[in-house]
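Here is what each chain is made of, one letter per residue.
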Amino acid sequence: MHSIAREQLQTYLHSYKRTPRERGLPIHQDGKKCHEQNKRYKRQRAEEILYRTASGRVAFAVRCLINYDGALDYDSPLTEYTISFNTGDFLHIYTKYSLDWWIGRKVEEGSTLSFIPTAQRLTRLTPIEETAERSDSFFEETNPYVVVPSTRPIVLLGPCGQESLLTKRLHTALRLTITRRFMGRIRILTTTLGEKKQQQPFGVLVAGQQVAGQIGQVIRSTRNRGITRQDTEATIDSTNELTDEREMRMITSMTNDLSLLLLQSPFLQTPIEIAKHALAPIVILVKISNRKILAKLLRKIGCLNSDLTGADILNVMPHSAFDMVVEDGSLDGATNKICEYLEKYWLAVHPPHPLLGPMEIKKKDSNISPRPSTPAHHKLSSVLKFK
């Protein structure tokens, strides 16, 4: 049986031997041609996904913390549709293309959908700066983006502090005019963002007096051990963080539909206090630099001269700390300037032009008709023929 099996195997192998008459199978392939085909397929797929994303919605928004030149990134799916941005620019992210790329646009007039590098990719491309500040966080990677609300909230400041009667009346008049101008496109939110819980005397806390909210719960749960001042301060800080986080979530959810949001908070006095929160708002300063005119207005309304202190703090700050500084002789003039600024921002958030620019025009002008997917399409096309 062994010899018979061996003979059959030899006969089987001999039948597959190559003879001079046989062409055989080619073992070499054109690598350049395969590379071009693969490159063409990836480009068609990227164009298709980019075209399909134009009908989508904004998923989230980010603020850039570094500079990036998309023209120098040759690994982009579409080099001519790669975004470039600077520090401080805002981006709307529509969808995720891959682990290294998003699809979105810069929040400005005339911008189109492009490929945006993800935070993971930018972290790999950004060189690590050997500084003393980063020595403690050796294993932490810096994030090149900060997630912000989809539309930048609007915060009005000045001419005095937020608790001043003059400021309250002026802001009420401005909010009334703005809401009438942007009817259906703007919302007003009265928030407690920036509010700090007042720390009670240390002796009262040690005695075990109940405090409302989370501070009281922590104190009652720690009666059996000694309560230190550090415990009290940590509890108050955690309560403030929870309150601010709740307000931030509310603000973010109210801007998901890309509507304007006008914030009203008596605890946000200066741009420095606003910068502590990841809001990235549009800060508008209504300024009265002439102290004599301001003092006259305060006396006419019946305010105290102490309100001049808040005005001095805001007037000393550079104009770069605000997005817009309005100093006009009339209320109507100031309101018109603010409304014109917000109208431009509205057009940047809601572009009236095609999101893809030349690509979308090319798709519309194309004479290539899609292939019918079912027999019903053939029947329907024969019925709808026009002679």
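Residue positions are given per chain, counted from 1 along the sequence in the order it is written. Selection of residues for local features in this predicted model requires a pLDDT of at least 70, selection of side-chain atom pairs for listing and counting requires 80 or more, and totals for whole chains, interfaces and linings are taken over all residues. To obtain the side-chain values, all non-hydrogen atoms of the structure were included, while hydrogens and water were left out.

1. Thoughts on the packing of aromatic side chains
Working definition: rings of Phe, Tyr and Trp (its six-membered ring) pair if their centres are within 6.5 Å, and the pair is stacked with planes under 30 degrees apart, edge-to-face with planes over 60 apart, and tilted otherwise. Within the structure shown, the criterion is met by five aromatic pairs. Taking the centre distance of 5.5 Å and the plane angle of 90° together, the rings of Phe60 and Trp102 count as edge-to-face. One end of the pair, Phe60, is in strand β1 (residues 60–64); the other, Trp102, is in strand β3 (residues 101–106), with 42 residues separating them in the sequence. Exposure remark for Phe60: the relative accessible area of 28% places this residue in the partly exposed category. In this description a helix means any DSSP run of H or I spanning at least four residues, a strand means any run of E spanning at least two, and both kinds are numbered starting from the N terminus. Burial classes: relative accessible area under 20% of the type maximum marks a residue as buried, over 50% as exposed, and values in between as partly exposed (1.4 Å probe, protein chains only).

2. A few points about the sheet that holds strand β5 (residues 145–148)
A pair of strands counts as paired when DSSP detects no fewer than two bridges linking them. Taken in spatial order, the five strands of this open sheet run β4-β3-β2-β1-β5, and their pairing is antiparallel. Only two strands of the sheet have a single partner each, and these edge strands are β4 (114–117) and β5. Each neighbouring strand pair of the sheet contributes to a mean axis angle of 45°, computed without reference to strand direction. Pairing between β1 and β5: four bridges, direction antiparallel. Considered in β5, the bridge of Ala61 is made with Val148. For helices, the fitted axis covers only the stretch in contact; all axes are lines through C-alpha atoms, and the angles between them, taken along N-to-C directions, range from 0 to 180 degrees.

3. Here we look at helix α9 (residues 291–301)
Taken together, the buried positions of α9 are Leu294, Ala295 and Leu298. In a view along the axis of α9, the buried residues occupy a sector of 100°, so they form one face of it. Opposite the buried face of α9, by more than 90 degrees, sit the exposed residues Lys292, Lys296, Arg299 and Lys300. Working rule for contacts: check all heavy atoms of both residues, and any pair within 4.5 Å makes them a contact. Each element contacted by the buried residues of α9 is listed here: α4 (165–181) and α10 (307–316). Within 3.5 Å is the distance limit for a polar contact, defined as a pair of N or O atoms, with the added protein rule that one can donate a hydrogen and the other accept it, and that residues adjacent in sequence qualify only through two side-chain atoms. Between the side-chain oxygen of the N-cap and the backbone nitrogen of Lys292 there are 3.1 Å, and the N-cap of α9 in question is Asn290. Looking one or two residues beyond α9, the residue adopting positive phi is Gly302, at roughly 100°. Along the arc lie the directions from the helix axis toward the C-beta atoms.

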